[in-house]
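Chain by chain, the residues:
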Amino acid sequence: MRQAGRFLPEYRALRAQHGFLELCKTPALAAEVTLLPIRRFPVDAAILFADILLVLEPMGVGLEFAKGDGPVIHHPVRTREDVGRLTRAPVQMTLAFVLETIRLARAELGARAPLIGFAGAPFTLASYLVEGRGSRNYVHTKTLMYGDPRAWHALMERLAETTVDYVQAQIAAGVQAVQLFDSWVGCLGPDDYREYVLPHMRAALAAIATAGVPVIHFGTGTSALLELMRDAGGDVIGLDWRVDLAEAWGRLGPGVGVQGNLDPVALFAPPEEIRRHAARILGRAGGRPGHIFNLGHGVLPETPVEHVAALVDAVHELSAR
Ligand code: 1CP
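This write-up is about the structure you can find in this document. Quick caveat, the model's predicted, so the values are computed rather than measured.

Turning to the overall build of the protein chain, a few remarks are in order. Helix and strand counts for the protein chain stand at 14 helices and nine strands. The C-alpha radius of gyration computed for the protein chain amounts to 19 Å, which stays within 12% of the reference 20 Å derived for 321 residues, consistent with globular compactness. Counting only C-alpha atoms, the protein chain reaches 55 × 45 × 35 Å along its principal axes. Within the protein chain, buried positions represent 55% of all 321 residues.

Below, the structure written as structure tokens:
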């Protein structure tokens, strides 16, 4: 997750010359950024350089990555009429630049490492569409959800369809696994997840499963939702650092894999302490097949690069034993 992010000096150098959307929309540059972490660290997979919000721009809502402000949607979707106004066009056309990035990155990667594609899950995409930006309490999102459930479900259906088309197009272009980011779904309690999110995730994940590539279903703050997320689908469930990996895997059962779950802020600790954290997580996984070591969320921009290198080495060393 966010391997390139803003923590690599090579990435920051590119960003000094190009806007974020410009980087995403220029396949040669986006493929280059995808490969940056692979060139620096002996990691086992590359993640496509793109953003979950790119699918929203062709819907006509005015997406901008404002300086220092994070993403902004200039025309948020708050009513039934707003949902009806979302424009529709084939992702093969509107997101052709992502598909070309995938082809370029795959050609460069060869047999060195597989490429992971990704998309936003409907709830997390809806939260940006409705709020217009990142949020703390999701007041507008939940107001629409509770106040006009039909409009909410229409919006979620539309986002689920787009997500499926987009992920299938990424797979056709060459990604070898996909991750669905439901980063902010942890703001919901289990009853609301069951009613307002689960049916859409189940439909989307079932459609994606037919393509036959592994699917990682990721969220944060989801310790109360893990069984429901597993029921929605995915081969692997993403865990953040707020849960004990062994306990969470026990709840999920042996039928699914897990990904996680180092606290991204643990990378600010001295290397010996990072190693101890990694050892503890690997101990909880206990060598069972189906564990993908990862952070519980993205690499933070201020993370010391040498600490990431120390983590990658520690994980390889400790899991080879
Ligand atoms: O290596 C990589 O960088 C991977 C590519 C990647 C991925 C997987 C980026 C690049 N973004 C994402 C996913 C993404 N984007 C998610 C889901 C993952 C997560 O939970 O972190 C979300 C929620 C976003 C939305 C987003 N994009 C935000 C806002 C987060 C929030 O708090 O609301 C921001 C700041 C971005 C911009 C962005 N995306 C990616 C990068 C490198 C950046 C920084 C842009 C810059 O250089 O200024």
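With that settled, the discussion passes to unusual backbone geometry. In the segment running from Gly260 into Asn261, the intervening peptide bond is cis, with an omega of -5°. Considering the arrangement of structural elements, one finds Asn261 in strand E8 (residues 257-262). Positive phi, normally seen in glycine, also occurs at Tyr138, with a value near 55°. By the secondary structure assignment, Tyr138 is in the loop between helix H7 (122-131) and helix H8 (139-147). Among the residues examined, Tyr138 registers a relative accessible area of 7% and is labelled buried.

Our focus in this paragraph is helix H3 (residues 27-40). Taking 1.5 Å of rise per residue, the 14 residues of H3 would be expected to cover 20 Å, and the 20 Å separating its terminal C-alpha atoms lies within 8% of that figure. In terms of burial, H3 is largely enclosed, as 10 of its 14 residues are buried. All of the buried residues along H3 are Pro27, Leu29, Ala30, Ala31, Val33, Thr34, Leu35, Leu36, Pro37 and Ile38. If you follow the buried residues of H3, they end up packed against helix H1 (9-17), helix H2 (20-25), strand E1 (46-47), helix H6 (96-109) and strand E4 (115-120).

Our next topic: the pattern of salt bridges. Within the structure shown, the criterion is met by 15 salt bridges. One salt bridge in this structure joins Glu227 and Arg251, with 2.8 Å as the shortest N-O distance. Note that Glu227 is positioned in helix H11 (residues 226-232) and Arg251 in helix H12 (residues 245-252), a separation of 24 residues in sequence. Here Arg276 ties to Glu273 by a salt bridge, and the two come within 2.9 Å at their closest N and O atoms. Placement of both Arg276 and Glu273 in helix H13 (residues 271-285) is noted, with a separation of three residues, approximately one turn of the helix. Arg276 sits in the partly exposed class, given a relative accessible area of 47%.

Moving on, we come to a positive patch on the surface. A contiguous patch of positive charge, built from Arg2, Arg6, Arg15 and Lys67, is present on the exposed surface. Tracing the chain through its elements places Arg2 in the segment before H1. Its relative accessible area of 53% is what places Arg2 among the exposed residues.

A word on the site of the ligand. Around the ligand there are 23 residues in total, and Tyr11, Asp51, Tyr128, Ser183 and His297 lie nearest to it. Here a nitrogen atom of the ligand sits 2.6 Å away from a polar atom, N or O, in the side chain of Asp51. Relative to its unbound accessible surface of 870 Å², the ligand loses 88% to contact with the protein.

For the pair H12 and H13, the least separation of the axes is 8 Å and the interaxial angle reads 25°. Taken as axis vectors, H12 and H13 run roughly parallel relative to one another. Considering how the two elements wind past one another, H12 and H13 form a crossing that is right-handed. The segment H12 lies against H13, with Leu245, Ala246 and Trp249 engaging Ile281, Arg284 and Ala285.

Now for the sheet that holds E8. Spatially, seven strands are ordered E1-E4-E5-E6-E7-E8-E9 in an open sheet, and the strand pairing comes out parallel. Two strands bound the open sheet, and with one partner strand each, they are E1 and strand E9 (291-295). In terms of strand pairing, E8 meets E9 through five bridges, oriented parallel. Among the inter-strand pairings, Val258 is bridged to a residue of E9, identified as His291. Strands strand E5 (177-182) and strand E6 (215-219) of the sheet are contacted by helix H10 (residues 190-209), whose axis makes an angle of about 165° with E5.

Looking now at the packing of aromatic side chains. Evaluation of the coordinates by the stated rule reveals eight aromatic pairs. When the centroid spacing of 5.9 Å and the interplanar angle of 75° are considered together, the rings of Tyr146 and Tyr196 count as edge-to-face. Of this pair, Tyr146 sits in helix H8 while Tyr196 sits in helix H10, and the two are 50 residues apart along the sequence. For Tyr196, a relative accessible area of 7% corresponds to the buried category.

What counts, and at which threshold
- Residues numbered from 1 in each chain as written.
- Predicted model: local features only at pLDDT ≥ 70, side-chain atom pairs only at ≥ 80, totals over all residues.
- Heavy atoms only, no water.
- Helix = DSSP H or I, 4+ residues; strand = E, 2+ residues; numbered from the N terminus.
- Rg over C-alpha atoms; globule rule 2.2 N^0.38 Å.
- Buried < 20%, exposed > 50% of the residue type's maximum accessible area, 1.4 Å probe, protein only.
- Expected span 1.5 Å × (residues − 1).
- Contact = heavy atoms within 4.5 Å.
- Salt bridge = Lys/Arg side-chain N within 4 Å of Asp/Glu carboxyl O.
- Patch = residues over 30% accessible without salt bridge, like charges linked within 9 Å, V, L, I, M, F, W, Y side chains within 5 Å.
- Areas by Shrake-Rupley, 256 points an atom, 1.4 Å probe, with all protein chains shown as cover.
- Lys, Arg positive; Asp, Glu negative; His and termini not counted.
- Charge placed at Lys NZ, Arg CZ, Asp CG, Glu CD.
- Near = heavy atom within 4 Å.
- Polar contact = N/O pair within 3.5 Å; in protein donor to acceptor, adjacent residues only side chain to side chain.
- Axes fitted to C-alpha atoms, helices over the stretch in contact; angles between N-to-C directions.
- Parallel < 35°, antiparallel > 145°, perpendicular 65-115°, else oblique.
- Left-handed = near helix turned anticlockwise from the far one by under 90°.
- Pairing = 2+ DSSP bridges.
- Phe/Tyr/Trp six-rings, centres within 6.5 Å; stacked < 30°, edge-to-face > 60°.

Keep in mind these numbers describe shape, not what the thing actually does.
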